[in-house]
2 protein chains.
Amino acid sequence: MAHPMTTKNGQPFDRASLESLMRRRLFYTPAFEIYGGVSGLYDLGPPGCGLQSNIIEIWRKHFVLKENMLEVDCTMLTPYEVLKTSGHVDKFSDWMCKDPKTGEIFRADHLVEEVLESRLKGNKEARGQKQDEEKEDPKKKKKKVKTIQAIKMDDALVQEYEEVLAKIDNYSGEELGLLMKKYEIKNPATGSELEPPVAFNLMFGTSIGPSSNLPAFLRPETAQGQFLNFQKLLEFNQQSMPFASASIGKSFRNEISPRSGLLRVREFLMAEIEHFVDPESGKKHPRFEDVKDVELELLNRSVQLAGKTHVETTPISKAVSEGIVDNETLGYFLARIQQFLLKLGADPTKIRFRQHMKNEMAHYATDCWDAELLTSYGWIECVGCADRSAYDLTVHAKRTNAPLVVREVRKEPLRIEEWQCDIDKKRFGPRFKKDGKAVEAAVEALTQDLREKLSMDLKNEGKIVIDVEGVGDGKVEIDKELIAIEKRTRIENTREYTPNVIEPSFGIGRILYSIVEHNYWTRAEDEARGVISFPPAVAPTKVLLVPLSTHPDFRPLVRRLGDKLTHVGVSYRVDDSNASIGKRYSRNDELGTPFGITVDFQSVKDNTFTLRDRDTTRQVRANEEEVCEAIMNLVEGKETWDDVAKRLPIFEGQEVD
Amino acid sequence: MAHPMTTKNGQPFDRASLESLMRRRLFYTPAFEIYGGVSGLYDLGPPGCGLQSNIIEIWRKHFVLKENMLEVDCTMLTPYEVLKTSGHVDKFSDWMCKDPKTGEIFRADHLVEEVLESRLKGNKEARGQKQDEEKEDPKKKKKKVKTIQAIKMDDALVQEYEEVLAKIDNYSGEELGLLMKKYEIKNPATGSELEPPVAFNLMFGTSIGPSSNLPAFLRPETAQGQFLNFQKLLEFNQQSMPFASASIGKSFRNEISPRSGLLRVREFLMAEIEHFVDPESGKKHPRFEDVKDVELELLNRSVQLAGKTHVETTPISKAVSEGIVDNETLGYFLARIQQFLLKLGADPTKIRFRQHMKNEMAHYATDCWDAELLTSYGWIECVGCADRSAYDLTVHAKRTNAPLVVREVRKEPLRIEEWQCDIDKKRFGPRFKKDGKAVEAAVEALTQDLREKLSMDLKNEGKIVIDVEGVGDGKVEIDKELIAIEKRTRIENTREYTPNVIEPSFGIGRILYSIVEHNYWTRAEDEARGVISFPPAVAPTKVLLVPLSTHPDFRPLVRRLGDKLTHVGVSYRVDDSNASIGKRYSRNDELGTPFGITVDFQSVKDNTFTLRDRDTTRQVRANEEEVCEAIMNLVEGKETWDDVAKRLPIFEGQEVD
């Protein structure tokens, strides 16, 4: 494992135990398992599904509600033409190479990376050097444990390998093929030669309609639907800028060979925000003041080029004013993203923000910061925050002629001094005949500098000569009878511009998995007893109801408590199995349920119940109303367990563990 | 239009006005409109998206939380093999026919239906008869208005047409082809001949993985994912029956030629419950008592065959005891579905439940009731409640050998008297060689009756002859040295059974559209002023904040009110445009926002605000705290507007409309 991890209470983290727990307790399960499964496809069971709903609800409150974003729900089916225009048909692909003997397929960049790294490790081993985990490239997300052969390498070759690895995201398919030849990179399992890399587009294709006449894809991101509706959203927002749209929904990537469990999947839930901003506003944000003191660990490009993987935290206001982060809007969202992750229970020591290297960004981005969470797979990109500039709106507007722009009345009318060309249309037609349109267009396209020069020609020679592609020999002469060129002042009352887009994009499945890792630990007295300490608002189920036994006297009390909790919107489950109360609570700790209520014979007599806290296993005893009120306060964050334990009588009468 | 509709306040309903409102206010919009759009694909804008979220949240509380259902989130990508087994590859299709000249494609049953109906109307017109809307077949959901030619028909032909229409769901593709020939049904627009009907599968195909080696579909329902996980869900539920799983997610149908706006789309949100029940339990439901007095309008098969489209309501307990509805579990869900629809604001006079005719059901169903809502398109199926028996679990178990069964310890061990066959395995192999397995399997498959008869043969003739397919001539002789057949008593301590499934399946988009229709009306004094009276819990936005003008003094108050509402989870929007307050409230009535708060100069002085009720346009005036408290009570349903208007001072000082 790349990073020796420890849990909340300082014990070594064991991924195998957690993954076994998550599958045993049905947080997730491989999809279609009884049919043999399909790699990269997982189903969420009840705890995973509850966790996902809660994350989404918190996201919606934290972003959409708080900032009055315009939430939309667009279709996943997307016509070919849209994704051709957006650049995804041409650029949304990875390089793959095939083993012609076994039919096995590898992602070329991952393979080169993996093999070179493994050889470098073998070299260090042969030289008896310590494996220095800390200095590795911050971009490396995961590593597969391989059998490493201890073979010593030349210093020059080591340096060559290191240079290749530093630029691994920057190679074309052809270059990757050359590297594979040069360094004899083959199928690691069989040693057989691989075919040269070919581009593989990551979108799932389909076609719409009964005669399959409309080729389409499953969307690779929710963003395109938001861009296509820009004009309507602006209208809905009464033409007021800046504003943000938002969308929560599934997207799809046909990964070449997905591994890493929930972290690399073919169908995934995203939550994306498109914040539209005037590029001339300096990308200020009206609520930046609210977050200015939030401290972030920010690894920008120069820090990474200096080989650092860790820096001190910086207040976001300082980071923006010093130019570490480009502008307020980007800074605002980075701070808000961190606040969101902390709300979910992310470990504050395992969050960092890393700027993409120039060669690492998606085709539409001019800048990008990832919020990364540290897990046993390394630093995982969980939220991307990209500056897409005016890229998407521009390409769609150009392709469709839809006015994906903002028009605003200028406070001060703009006075523009410019050279204007006046054409005598009556004479233009007879003179140029079928070429009239082309010549006219060429005149309109003349630059200001050229117009100034041509005005002199007109004055001096009584005619001008301009380039018109496709007409005669490409040069066209125009007499002074047909054209005048004069300097005039034009007044513009409205301004028209294409907004820029800042896009915070959340991978909900990755966040979900990372939050589980950050909150998983085992009781010091017994390593087999796992606990997941979700914050109450995040926990899939808030309360476990545990009747002491299956005695019929307990049933009406359990039902009454349950109905009461349902009424106030608190989710609960009943465990009336035959297992001991301790066993039942252990099972429940694995599900991350923060509170438990025991119903015993005393309850039948006096309507009092014990309320148990998952993290401390301590208990208080109070009547039905008090217990329900305490739970509501705990779930809503109005009280902590410590508050409750001070207020209500501690219960130690019964050993439940 | 099939049904002359009226709105809440008795005015004629005008669909065109409502649809124009819904598109203008961005409830929905055709997807990819700037690229020309794709029929059957729509995006939800902010109000539609908010409405959808609220419907889902209410659904989750009403069903999942209330009954502790096990919610799962399964993938949409589904391998071919799964849907082959479920029967969807073979049976989930419609018949289509093509116009070879224009390339236009028609859904065959819809075309036959449409043309015959139009001719019957023409006949009535020619005879000067009134078009009797009320007597039409309750299954007809929608009708396209066509130019009807008034041509008189023979009585015999009229009767023939009516018989064909009554059985329209029952014809095979070949039969539809014959009908088209017989009645000369052609392309209604051009009159040209159509090709014979061919089956068109309604699933979208794709393939998974880099070498496209795994053919797959986008799921046509969420149900299959739930069935495939049955064993794990039962385990999660600690083997306790009955229980229900639930799932909310998109499904896909490649409709042949979708029209009817949001009612027939190619990508749609479903919420499905699979309630697993012991078939021998009589399908009792533990919470049936809670709903026994709920009254429903129930059109079962015999009522429909008698030509009725309306019956009196019946308490569900009476309907179950009289056998109108087959069992308690089905009855329980029908009642709960009605309660849910009423919570959303469905008009109680526009809900009915209709049982499917035998020939109308999906391939997996043994019984099915639809909850239908009356709209301007006719009665629309919004919720289907099917009894899928053990169909799905059985076919998947058979295909995969996964034990999709419940095993329970019998309270009383079961004593079974039966004929058992004992094979002498040592002699069996040498005697039958490679056919040994087949012969053994044939012996094990023998029925009890046959075993009894064979035991006599064995006694009398010292041998038996049994059928073994594929071995020799299909007859195999077994000597008494190799086999014994005896009657013995076997004791079974566990019982193994495949549960039956009751499936309430909700089409969220159809419900959403119908709820909008049920709640739309126009102010009596001005037909142009539309209002949508969503219940507060359903309304996309709860509060509109309206500062009197853009005066800077109002800004801090608006922001403070907004933050306060966000804090208590109440969604709001600000309208600080230059329009008059009356105009702004009108705009807002169209969005269905139930409450408005005006911020005026008095507010700046004394921190009081007017609170406006959408439906009555009446206002009260109170301080910030009182106004926020009233809104919370109204949204949570703790108070009605009447309660608030009695409690807080009425405000009439300012004419806002």
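The coordinates are above.
Remember, it's a predicted structure, so these values are computed and weren't measured experimentally. (Residues numbered from 1 in each chain as written. Chains lettered and ligands numbered in written order. Predicted model: local features only at pLDDT ≥ 70, side-chain atom pairs only at ≥ 80, totals over all residues. Heavy atoms only, no water.)

### Notes on the packing of aromatic side chains
Taken as a whole and judged by the stated rule, the model has 38 aromatic pairs over all chains. Taken together, a centroid distance of 5.2 Å and an interplanar angle of 55 degrees make the contact between Phe63 of chain B and Phe506 of chain B tilted. Here the residue Phe63 of chain B occupies a position in helix 2 (residues 46–65), and Phe506 of chain B occupies one in strand 21 (residues 500–507), the gap between them amounting to 443 residues. Of the two residues, Phe63 of chain B and Phe506 of chain B, both sit in the buried class. Aromatic pair Phe230 of chain B and Phe243 of chain B: ring centres 5.9 Å apart, planes at 15 degrees, arrangement stacked. Highlighted residues: Phe230 of chain B in helix 9 (residues 230–236) and Phe243 of chain B in strand 10 (residues 243–252), separated in sequence by 13 residues. Its relative accessible area of 0% is what places Phe230 of chain B among the buried residues. Pairwise contacts between aromatic rings join Trp59, Phe63, Phe340 and Phe506 of chain A into one cluster. One residue, Arg336 of chain A, lies across the ring of Phe63 of chain A, its end atom 5.7 Å from the ring centre. (Phe/Tyr/Trp six-rings, centres within 6.5 Å; stacked < 30°, edge-to-face > 60°. Helix = DSSP H or I, 4+ residues; strand = E, 2+ residues; numbered from the N terminus. Buried < 20%, exposed > 50% of the residue type's maximum accessible area, 1.4 Å probe, protein only. Lys NZ or Arg CZ within 6 Å of the ring centre and 35° of its normal.)

### Thoughts on the relation of the copies chain B and chain A
Expressed as a screw operation, the relation of chain B to chain A combines 0.1 Å of axial shift with a rotation of 180 degrees, fitting to an RMSD of 0.3 Å. Here the symmetry operator amounts to a two-fold rotation axis. Taking the C-alpha atom as reference, chain B places Thr206 of chain B closest to the rotation axis, 2.7 Å from it. Here 99% of the interface residues in chain B have copies in chain A that are interface residues too; the copies meet face to matching face. (Least-squares fit on C-alpha atoms with pLDDT ≥ 70 in both. Contact = heavy atoms within 4.5 Å.)

### Regarding the side chain of Asn254 of chain B
In this fold, Asn254 of chain B is placed in the loop between strand 10 and strand 11 (267–277). Classification of Asn254 of chain B as buried rests on a relative accessible area of 3%. Of the polar contacts made by the side chain of Asn254 of chain B, one reaches the backbone nitrogen of Gly209 of chain A; its length is 2.9 Å. Sequence-distant contacts of Asn254 of chain B, defined by excluding residues within four places in its chain, comprise Ser207, Ile208 and Gly209 of chain A together with Phe200, Leu202, Phe204 and Arg266 of chain B. (Polar contact = N/O pair within 3.5 Å; in protein donor to acceptor, adjacent residues only side chain to side chain.)

### What to know about the pairing of strand 12 (residues 295–299) of chain A
Residue and element names in this part refer to chain A. Most of strand 12 sits out of view: four of its five residues are buried. Two strands pair when backbone bridges link them, and strand 12 and strand 13 (residues 313–315) are joined in this way by three bridges, in the antiparallel orientation. Its bridge partner being in strand 13, Leu296 is matched across the sheet by Thr314. Pairing between strand 12 and strand 14 (residues 351–355): two bridges, direction parallel. Residue pairing for strand 14: Leu298 is matched across the bridge by Phe353. (Pairing = 2+ DSSP bridges.)

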